[in-house]
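The primary structure of each chain is shown beneath.
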Amino acid sequence: MTSQVILVLGATGSTGRRVARVLRDAGHPVRAASRSGETRFDWSDQATWEPAVTGASALYLMAPDGVPIDPEFVSLAVARGVARVVLLSSGAIEVMRDERLLAAERTVRDCGAAWTILRPSWFDQNFDEGFLRPAIMAGELLLPLGDAAQAFVDAGDIAAVAAAALTEDGHAGRSYEITGPRSLSFGEAVEIIGRETGREMRYRGGEEDYIAANAFSEESIGAAKAFAALRALGDQPVSEVVAEVTGRPPKPFETYAAQAAAAGAWR
């Protein structure tokens, strides 16, 4: 067990708060940082950077969607003694042309500390905590991925892999494709949620519908192209990362949906 502080960014978010909890439950000292958390950290306010990293030996590194990982912060963290960096990236970023995360991965690989990159599939929690929740509440999800199956993964499983990489040997220099136990289409996922909630749910996976629903905006057209590239990959294969790293199988989507519904996520 490490006695040195682990800095967790995004500690009020879907993965960050779970990473902090897993680490604390295992007895590791955690500095939970976010714009509104125990330790204030803001990517746009460099005055918050040094207090966050000083005295930390390991770093769970992430930034909100659309916010780049600033190489200056990573350099500062390593200069102040951070020897291990675990980056939350995402799967299929080359195909999706996600330059923000591609740049973040390059920064981490070149930072001079031991690094691990996490590349999870779509989060289960996108449906109840994230950007898909309004659509689920409205009873209709519109996303141009057709019937292509995705290996949805629970944020708790991502956190467990992150915690292992932050505290155990054997993960340095590794990029982990993190998935759930099987691949589902968004239509199947929505059907499962509908069954658990007792509500009618509809999935529309056509590109033209998606663009039209977004008023033919340039942003929606660009997003549709990225989704088309992902759709062209076909069904996403599952990985054994969660079981190999944590020693237990990943949570099935059905279990996630039942637990979220029981907790009132979609009331």
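Definitions and limits used
- Residue numbers here run from 1 along each chain, matching the order of that chain's written sequence.
- Side-chain atom pairs in this predicted model are given and counted only at pLDDT of 80 or more, local residue features only at pLDDT of at least 70, and totals for whole chains, interfaces and linings cover all residues.
- Hydrogens and water molecules were not included; the side-chain quantities draw on all heavy atoms of the structure.
- A run of DSSP states H or I qualifies as a helix once it reaches four residues; a run of E qualifies as a strand once it reaches two. Both are numbered from the N-terminal end.
- Our radius of gyration looks at C-alpha atoms and nothing else; its globule reference is 2.2 Å times the residue count to the power 0.38.
- Throughout this description, buried means an accessible area under 20% of the type-specific maximum (1.4 Å probe, protein chains only), exposed means over 50%, and partly exposed covers the range between.
- Whether two residues are in contact is decided by their heavy atoms, any of which lying within 4.5 Å being enough.
- Surface accessibility follows the Shrake-Rupley procedure with a 1.4 Å probe radius. Residue values consider only the protein chains on display as shielding.
- Positive charges come from Lys and Arg alone, negative charges from Asp and Glu alone, with His and the N- and C-terminal ends not counted.
- The atoms used to mark charge sites are NZ of Lys, CZ of Arg, CG of Asp and CD of Glu.
- We call a set of buried residues a nonpolar core when its members are Ala, Val, Leu, Ile, Met, Phe, Trp, Tyr or Cys and they connect through side-chain atoms within 4.5 Å of each other.
- A pair of strands is considered paired only if DSSP assigns at least 2 bridges between the two.
- Orient the strands so they point away from the viewer; a crossover is then right-handed if the path from the first strand over the helix to the second runs clockwise.
- Helix axes are fitted only over the stretch in contact, all axes being lines through C-alpha atoms; the angle between N-to-C directions runs from 0 to 180 degrees.
- To sort the angles, those under 35 degrees are grouped as roughly parallel, those over 145 as roughly antiparallel, those from 65 to 115 as roughly perpendicular, and the leftovers as oblique.
- The sense of a crossing depends on the near helix, which, turned anticlockwise from the far helix by less than a right angle, makes the crossing left-handed and, turned clockwise, makes it right-handed.
- To pair, rings of Phe, Tyr and Trp, with the six-membered ring standing in for Trp, must have centres within 6.5 Å; the planes then decide the type, stacked if under 30 degrees apart, edge-to-face if over 60, and tilted in the middle.
- Counted as a polar contact is a pair of N or O atoms within 3.5 Å, where, for protein atoms, one must be capable of donating a hydrogen and the other of accepting one, and residues adjacent in sequence contribute only when both atoms are in side chains.

Lay out the overall build of the protein chain in plain terms, naming residues and giving numbers.
Counting its regular elements, the protein chain contains twelve helices and nine strands. For the protein chain, the C-alpha radius of gyration of 19 Å lies close to 18 Å, the compact-globule estimate for 267 residues. Expressed along its principal axes, the backbone C-alpha trace of the protein chain runs to roughly 50 × 40 × 30 Å. A burial count over the protein chain gives 49% of its 267 residues as buried. Nonlocal contacts in the protein chain, meaning residues at least 24 apart in sequence, comprise 75% of its contacts between residues at least 6 apart. About 12200 Å² of surface is accessible on the protein chain, with carbon and sulfur atoms providing 49% of the total. Averaging the positions of the 26 positive and the 36 negative side-chain charges in the protein chain gives two centres separated by 4 Å.

How would you summarise the nonpolar core if you had to cite specific residues and measurements?
In terms of nonpolar packing, the biggest core is built from 30 residues, with Phe127, Phe186, Phe253 and Trp266 touching the most fellow members. Where this core is concerned, the elements lending two or more residues are α6 (133-138), β7 (140-142), α8 (186-197), α9 (207-213), α10 (218-232) and α12 (253-262). The next biggest cluster of nonpolar side chains, apart from the first, holds 29 residues, and it includes Val8, Ala20, Ile178 and Val242.

Tell me about the sheet that holds strand β6 (residues 114-120), residues and numbers included.
In spatial order, the strands read β3-β2-β1-β4-β5-β6-β8; together these seven strands make up an open sheet with parallel pairing. Among the strands making up the open sheet, the edge pair consists of β3 (39-40) and β8 (174-178). By the bridge criterion, four bridges tie strand β1 (residues 5-9) to strand β4 (residues 56-61) in an arrangement that is parallel. Paired with Val8 across the two strands is Tyr60, which belongs to β4.

Please give an account of the pairing of strand β2 (residues 30-34) that cites residues and values.
Of all five residues in β2, five are buried; the element is thus mostly enclosed. The pairing of β1 with β2 spans four bridges and is classified as parallel. By the bridge assignment, Leu7 is partnered in β2 with Arg31. Handedness of the β-α-β unit built from β1, helix α1 (residues 16-25) and β2 comes out right-handed. When β2 meets β3, the two strands line up parallel, connected through two bridges. By the bridge assignment for β3, Ala33 is matched with Thr39.

Can you tell me about the packing of α1 against helix α7 (residues 155-167), naming the residues and giving the values?
Put simply, α1 and α7 touch, their axes get as near as 8 Å, and they point 55 degrees apart. Judged on the interaxial angle alone, α7 and α1 are oblique. As α1 runs across α7, the sense of the crossing is right-handed. Counted together, Arg18, Val19, Val22 and Leu23 of α1 and Ala155, Gly156, Ala159, Ala162, Ala163, Leu166 and Thr167 of α7 form the full contact between these two elements.

Can you lay out the packing of aromatic side chains for me, pointing to particular residues and giving the numbers?
According to the stated counting rule, one finds 17 aromatic pairs in the structure shown. Where Trp43 meets Phe73, the ring centres are 5.1 Å apart and the plane angle is 75 degrees; that geometry is what we call edge-to-face. One end of the pair, Trp43, is in the loop between β3 and α2 (49-53); the other, Phe73, is in helix α3 (residues 71-79), with 30 residues separating them in the sequence. On the basis of relative accessible area, Trp43 is assigned to the buried category, the value being 14%. Centroid distance Phe152 to Phe253: 5.5 Å. Interplanar angle 45 degrees. Geometry classified as tilted. Residue Phe152 is found in the loop between β7 and α7, and its partner Phe253 is found in helix α12; the two are separated by 101 residues along the sequence. There is no split in this pair, since Phe152 and Phe253 are both buried. Put simply, the rings of Trp122, Phe127, Phe131, Phe152, Phe186, Tyr203, Tyr210, Phe227, Phe253, Tyr256 and Trp266 touch in pairs and so form one group of aromatic residues.

Please give an account of the side chain of Thr179 that cites residues and values.
By the secondary structure assignment, Thr179 is in the loop between β8 and α8. Assessed through its relative accessible area of 2%, Thr179 is described here as buried. Among the polar contacts listed, one links the side chain of Thr179 to the backbone nitrogen of Ser239, at a separation of 2.9 Å.

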